[in-house]
Amino acid sequence: MTEIIGGSLAGVSAAIELRQRGEAVRIYEKTKFPRHKVCGEFLDGAAVEMLPEVKLEGAAIVESALVWRGVEKRFRLPRKALGISRYRLDAVLKEKAMAMGAEWCEEMGKEHPGAIVAHGRKPVSTRGQRLFGYKAHFAGATNEAVELYFEGVGYTGVNPIEGGLTNVCGVAREEDLKAVGFDVDRFLERQPHVQRRIGGLQRQMDWLFTGPLFYGPTEATVGYPCGDALSFVDPFTGSGMMCAVATGRLAGRAVAEGWERERYVEECRSLLLPAFRWSSLLRRALAWPGVAARAGRVSVGKRARLPA
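Everything numeric in this text was worked out from a predicted model, so none of it was measured.

Peer 1: Would you mind showing me how to read the environment of R197 here?
Peer 2: Mapped onto the elements, R197 comes out in helix 6 (residues 192-198). If we ignore the near neighbours within four places in the chain, the residues touching R197 are A141, N143, E147, Y149, V158 and T166.

Peer 1: Even after reading the chapter, I still don't get the packing of aromatic side chains, so can you show me in this structure?
Peer 2: The description of two aromatic rings rests on the distance between their centres and on the angle between their planes. Enumeration over the complete set of coordinates arrives at 9 aromatic pairs. Residues F132 and F182 carry aromatic rings whose centres are separated by 6.0 Å and whose planes lie at 90° to one another, so their mutual orientation is edge-to-face. Of this pair, F132 sits in strand 8 (residues 131-139) while F182 sits in the loop between helix 4 (174-178) and helix 5 (184-189), and the two are 50 residues apart along the sequence. Judged by its relative accessible area of 12%, F132 is buried. When the centroid spacing of 5.9 Å and the interplanar angle of 80° are considered together, the rings of Y134 and W207 count as edge-to-face. Of the two residues, Y134 is situated in strand 8 and W207 in the loop between strand 12 (202-203) and strand 13 (208-213); the sequence distance between them amounts to 73 residues.

Peer 1: Sorry if this is basic, but what is going on with the pattern of salt bridges here?
Peer 2: Think of it this way: side chains of opposite charge can pair up when their charged atoms draw near. Per the counting criterion, the structure on display carries 22 salt bridges. As a salt-bridge pair, D90 and R86 come within 3.3 Å of each other at their nearest N and O atoms. Placement of both D90 and R86 in helix 3 (residues 86-99) is noted, with a separation of 4 residues, approximately one turn of the helix. Residue classification places D90 among the buried residues on the basis of a relative accessible area of 2%. Through salt bridges that share partners, E17, R21, E53, R249, R253 and E257 make up one connected network.

Peer 1: How should the nonpolar core be read in this particular structure?
Peer 2: The nonpolar side chains of a soluble globular protein tend to be buried, and buried together. Counting residues in each nonpolar core, the largest one holds 49 residues, and the members touching the most others are I4, I27, L56, L89, L93, I116 and Y264. Residue assignment for this core shows that the elements contributing at least two residues are helix 1 (9-20), strand 2 (25-28), helix 2 (45-49), helix 3, helix 7 (239-256) and helix 8 (261-284). Top element by residues in this core is helix 7. It accounts for 10 residues. In contact with I116, not counting residues within four places along its chain, are T2, E3, I4, I5, A14, L18, Y224, C226, A251, G252 and V255. Membership of the second largest hydrophobic core comes to 19 residues, among which are V180, F187, L188 and I198.

Peer 1: Looking at this structure, I do not really get the packing of helix 1 against helix 3. What am I missing?
Peer 2: Helix-helix packing: each pair is described by the crossing angle between the helix axes and the interaxial distance. Orientation of helix 1 relative to helix 3, taken along the N-to-C sense of each, is 25°, at an axis distance of 9 Å. Comparing their axes, helix 3 and helix 1 come out roughly parallel. Between helix 1 and helix 3 the crossing geometry is left-handed. For the pair helix 1 and helix 3, the contacting residues are L9, V12, S13, A15 and I16 in the first and R86, L89, D90, L93, K94, K96 and A97 in the second. In the contact of helix 1 with helix 3, the residues fall into 7 nonpolar, 1 polar and 4 charged.

Reading the values: rules and limits
Residues numbered from 1 in each chain as written. Predicted model: local features only at pLDDT ≥ 70, side-chain atom pairs only at ≥ 80, totals over all residues. Heavy atoms only, no water. Helix = DSSP H or I, 4+ residues; strand = E, 2+ residues; numbered from the N terminus. Contact = heavy atoms within 4.5 Å. Phe/Tyr/Trp six-rings, centres within 6.5 Å; stacked < 30°, edge-to-face > 60°. Buried < 20%, exposed > 50% of the residue type's maximum accessible area, 1.4 Å probe, protein only. Salt bridge = Lys/Arg side-chain N within 4 Å of Asp/Glu carboxyl O. Core = buried A, V, L, I, M, F, W, Y, C linked by side-chain atoms within 4.5 Å. Axes fitted to C-alpha atoms, helices over the stretch in contact; angles between N-to-C directions. Parallel < 35°, antiparallel > 145°, perpendicular 65-115°, else oblique. Left-handed = near helix turned anticlockwise from the far one by under 90°. Nonpolar A, V, L, I, M, F, W, Y, C, P; charged D, E, K, R; others polar.

Below, the structure is given as structure tokens:
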């Protein structure tokens, strides 16, 4: 029996992989599921292809827009992507894993060397220039684009999801959010390019927050970590959700095939390297709109490839 600690995107992806291979699986998830989560809610074509067992329905996304200081670049995506809320995606994947025979335990599991660790990140952070994420759903006119609006060290992403809704999420410095009392509506009112996009939409839920955020490896000390328990990458162009699915599938394969932990971690490094490189390049290029736009266009086409 393989135990999976955490039932979010990476954990259930691992469970589906294991059940496909005939392995017994028990998922431990202590929180209510599914639930809304601060997330880009954008699944690129590569991530969709990693879940052939699951019928995913959402909003088609065929275009991307990158906006820096009023400089806008629009281009077609190399493959059609999917806008789908984390609430819906987590529910569909949980339902599929359960239908395939995975057990679900609403309690906290214990990490151990043979477990798949998918409980998310456990950050250690000090006060100061910390980053926080925010998200809400809006009703109103939609399109078929994922749009990123960059402002200083942060950004706001806008894309359609299922049900005719639009997901608005972003990352901002703690001091910038504090300046408006963590009122994201006021915060976004100060960004004219974002306002031109969402000004006619109606918010359908309270703003959700997460943080403090930190980028880079967050590797668990035991077991086979996947998703945010392994690393946290900028959610540019859907790479966060793609990496969760990819590392979850890889963790399931590693356990089923009896890989040593060291081999699994090395395979994960190779798998995630393109996403880390391009997200790092985009962060550094924010000060130069022309360079950033070209880098962003290339990064959209990058994909994680599971090892053969």
